[in-house]
Amino acid sequence: MATINENYLKLKAGYLFPEIARRVKAFAEANPNAPIIKLGIGDVTEPLPEACRTAMIKAVEDMGDRSKFKGYGPEQGYLWLREKIASDDFQARGCDISAGEIFISDGSKCDCGNILDIFGKDNTIAVTDPVYPVYVDTNVMAGHTGDANDKGEYEGLVYLPISADNNFTAEIPAQKVDIIYLCFPNNPTGATATKEHLQAWVNYAKEHGSIILFDAAYEAYITDPSLPHSIYEIEGAKDCAIEFRSFSKNAGFTGTRCAFTVVPQNLTVKASDGTEVKLWQLWNRRQSTKFNGVSYIVQRGAEAVYSEAGKAQIKELVGFYLENAQIICEQLTAAGISVYGGKNAPYVWVKTPQGLSSWDFFDKLLQLTNVVGTPGSGFGAAGEGYFRISAFNSRENVEEAMKRITEKFKV
Ligand code: MLT
């Protein structure tokens, strides 16, 4: 008789965003004329940059030309894309990262989950609370946790609380943890990390032989020049960190799908027999066995992100969403609602007004204003009493949503 991976039974009923979509669908069916505005999931709304579209159209033409046609590509991604990433995203910032250390993929979410394939079962895993739920759920699926308690905290995970008191940056734990997930600019709080903060984590990781899984999917939103874009700007990070990057939020590739993961060549972990094993080798083996690469057409689109025109268009696109975030912050603050983030990130982390719980505010907001956001408690127990508003929408929708919210919830 077949058996199942019973770890899935430990998961809360639904992944956060499908649960929100389910509630919104039910509301829309009951109120077909409600002018719903979605500021929930961080999904982009503006068209793909022209430079990316043009490159992809040309790549489609290549596929119709026998001399340029491409079948399976290299599992790690085409070298011409990896070389651009290495030079423009890393070497230009003084990071010693080469094309050989970059793996092109179809998404950071997938990579954040898949990376667990190369780690052992008995690592102590630390996540912040609140946190991007993918880090937690994929560890549950992999059997790295026990059951969840009433607050939704899984036995075996180390939760590092983040709040306004610590600027939404986790304190270095007193205990030893083996794997640490860090996300900056942060999803969901929009917080950022200074070089000093990341240096403290790198020092901790090196001292304890830990690995930092650094999610930098939102790095393009950093406007403060003193803030690091990559963990590899921090001394010693190549010895202890893997970094995840994405074209989703900078170039609007959420539907197009392209991302990459950096695994330094000399990053090692000790096997049980004491030999040092390169994580690069394991990840390369994993990817070449379970993944056939991202399509040639999409990789050509991603390559155009690094052209002069692409860079200018992306700057404009990111600037547009950042202006949305600024409007959200200003309007809510003027209405007496406390907000965090939104300056170097496309997310605004809002203290729920009237002392409402996160889900109660979600329901009330949907009913009274037809605006959708994301309940903070969906990101972890410490997110209770908070709410995430995404800046990914048209200017018109953001302004209209803020008008409706401030009218109904002015403090
Ligand atoms: C979010 O809303 O948190 C993001 O859309 C998550 C993601 O990019 O997977």
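Residues numbered from 1 in each chain as written. Predicted model: local features only at pLDDT ≥ 70, side-chain atom pairs only at ≥ 80, totals over all residues. Heavy atoms only, no water.

It is worth spelling out the site of the ligand at this point. Around the ligand, the structure places Phe17, Ile41, Gly42, Lys109, Tyr132, Asn187, Tyr218, Lys249, Tyr347 and Arg388. Within the contact set of the ligand, an oxygen atom lies 2.5 Å away from a side-chain nitrogen or oxygen of Tyr132. Note that an oxygen atom of the ligand is positioned 2.8 Å from one of the side-chain N or O atoms of Asn187. Within the complex, 85% of the 260 Å² of free accessible area of the ligand lies under protein. By residue class, the composition of the shell around the ligand is five nonpolar, two polar and three charged. (Near = heavy atom within 4 Å. Polar contact = N/O pair within 3.5 Å; in protein donor to acceptor, adjacent residues only side chain to side chain. Areas by Shrake-Rupley, 256 points an atom, 1.4 Å probe, with all protein chains shown as cover. Nonpolar A, V, L, I, M, F, W, Y, C, P; charged D, E, K, R; others polar.)

Another aspect to go through is helix α2 (residues 50-63). Compared with the 20 Å implied by 1.5 Å per residue over 14 residues, the 20 Å span of α2 between its first and last C-alpha is a close match. Residues of α2 that are buried sit in contact with α8 (296-303) and α9 (308-334). (Helix = DSSP H or I, 4+ residues; strand = E, 2+ residues; numbered from the N terminus. Expected span 1.5 Å × (residues − 1). Contact = heavy atoms within 4.5 Å.)

Turning our eyes to something else, we now look at the domain arrangement of the protein. Examined at the domain level, the protein breaks down into domain 1 (6-47 + 309-409) and domain 2 (68-307). Its C-alpha centre places domain 1 at a distance of 25 Å from the equivalent point of domain 2. The interface of domain 1 with domain 2 comprises 35 residues on the first partner and 46 residues on the second. Taken together, the two surfaces of domain 1 and domain 2 that pack against each other cover about 3,300 Å², and 62% of this comes from carbon and sulfur. The tally of links between domain 1 and domain 2 comes to one salt bridge. Note that Lys311 and Asp88 form a salt bridge whose closest N and O atoms lie 2.9 Å from each other. In this structure, the connection of domain 1 to domain 2 is made through 18 residue pairs in polar contact (both at pLDDT 80 or more). Contributing elements (two or more residues each) for the side of domain 1 that touches domain 2: α9, β11 (339-341) and β12 (347-351). (Domains from an automatic or database assignment. Buried area = accessible area lost by both parts, 1.4 Å probe. Salt bridge = Lys/Arg side-chain N within 4 Å of Asp/Glu carboxyl O.)

Next up on the list: empty space enclosed by the protein. The final tally for this structure, using the stated rule, is three cavities of 30 Å³ or more. The volume enclosed by the largest cavity comes to roughly 50 Å³. Volume-wise, the second largest cavity comes out at about 50 Å³. For the second largest cavity, the full set of lining residues is Thr128, Ile162, Phe168, Thr169, Ala170, Leu182, Cys183, Phe184, Asn186 and His197. Across the lining of the second largest cavity, the residue classes tally to six nonpolar, four polar and no charged. (1 Å grid on protein atoms, 1.4 Å probe; cavity = no way out; pocket = protein on both sides within 12 Å on 5 of 7 lines; lining within 4 Å. Points joined across faces, edges and corners; volume = space filled by probe spheres on them.)

Strand order in the open sheet made by the seven strands is β2-β8-β7-β6-β5-β3-β4, with mixed pairing throughout. Lying at the two open borders of the sheet, with one neighbouring strand each, are β2 (102-105) and β4 (157-161). Between one strand and the next, the sheet's axes are offset by a mean angle of 20°, whatever the strand orientation. Where strand β7 (residues 241-246) lies against strand β8 (residues 259-262), four bridges are found, and the strand directions are antiparallel. Residue pairing in the sheet places Arg245 in a bridge with Phe260 of β8. Packing against the sheet, helix α7 (residues 279-290) makes contact with β2, β6 (211-215), β7 and β8, and its axis sits at approximately 25° to β2. (Pairing = 2+ DSSP bridges. Axes fitted to C-alpha atoms, helices over the stretch in contact; angles between N-to-C directions.)

Looking now at the packing of α9 against helix α11 (residues 395-409). Axis separation between α9 and α11 bottoms out at 10 Å; the angle between their running directions is 10°. Taken together, α9 and α11 sit at an angle that is classed as roughly parallel. Residue-level contacts link Phe320, Glu323, Asn324, Ile327, Ile328, Gln331 and Leu332 of α9 to Arg395, Val398, Glu399, Met402, Ile405 and Thr406 of α11. Considering only residue class, the contact of α9 with α11 consists of seven nonpolar, three polar and three charged. (Parallel < 35°, antiparallel > 145°, perpendicular 65-115°, else oblique.)

Turning to the pairing of β7, a few remarks are in order. Counting buried positions along β7 yields six of six residues, so the element is predominantly enclosed. Because side chains alternate across β7, one face comprises the buried residues Ala241, Glu243 and Arg245, and the other comprises Ile242, Phe244 and Ser246, equally buried. Examined bridge by bridge, β6 and β7 share four bridges and lie parallel to one another. When the sheet's bridge partners are listed, Ile212 is paired in β7 with Ala241. (Buried < 20%, exposed > 50% of the residue type's maximum accessible area, 1.4 Å probe, protein only.)

Spanning 15 residues, helix α1 (residues 16-30) covers 22 Å between terminal C-alpha atoms, matching the ideal 21 Å at 1.5 Å per step. If you check which residues of α1 are buried, you get Leu16, Phe17, Glu19, Ile20, Val24 and Phe27. End-on view of α1: buried residues confined to an arc of 160°, all on one side of the axis. Facing away from the buried side of α1 by over 90 degrees, the exposed positions are Arg22, Lys25 and Glu29. Contact partners of the buried residues in α1: β1 (37-38), α5 (133-141), α10 (358-369), β13 (371-372), β14 (374-375) and β15 (386-390). (Arc of directions from axis to C-beta.)

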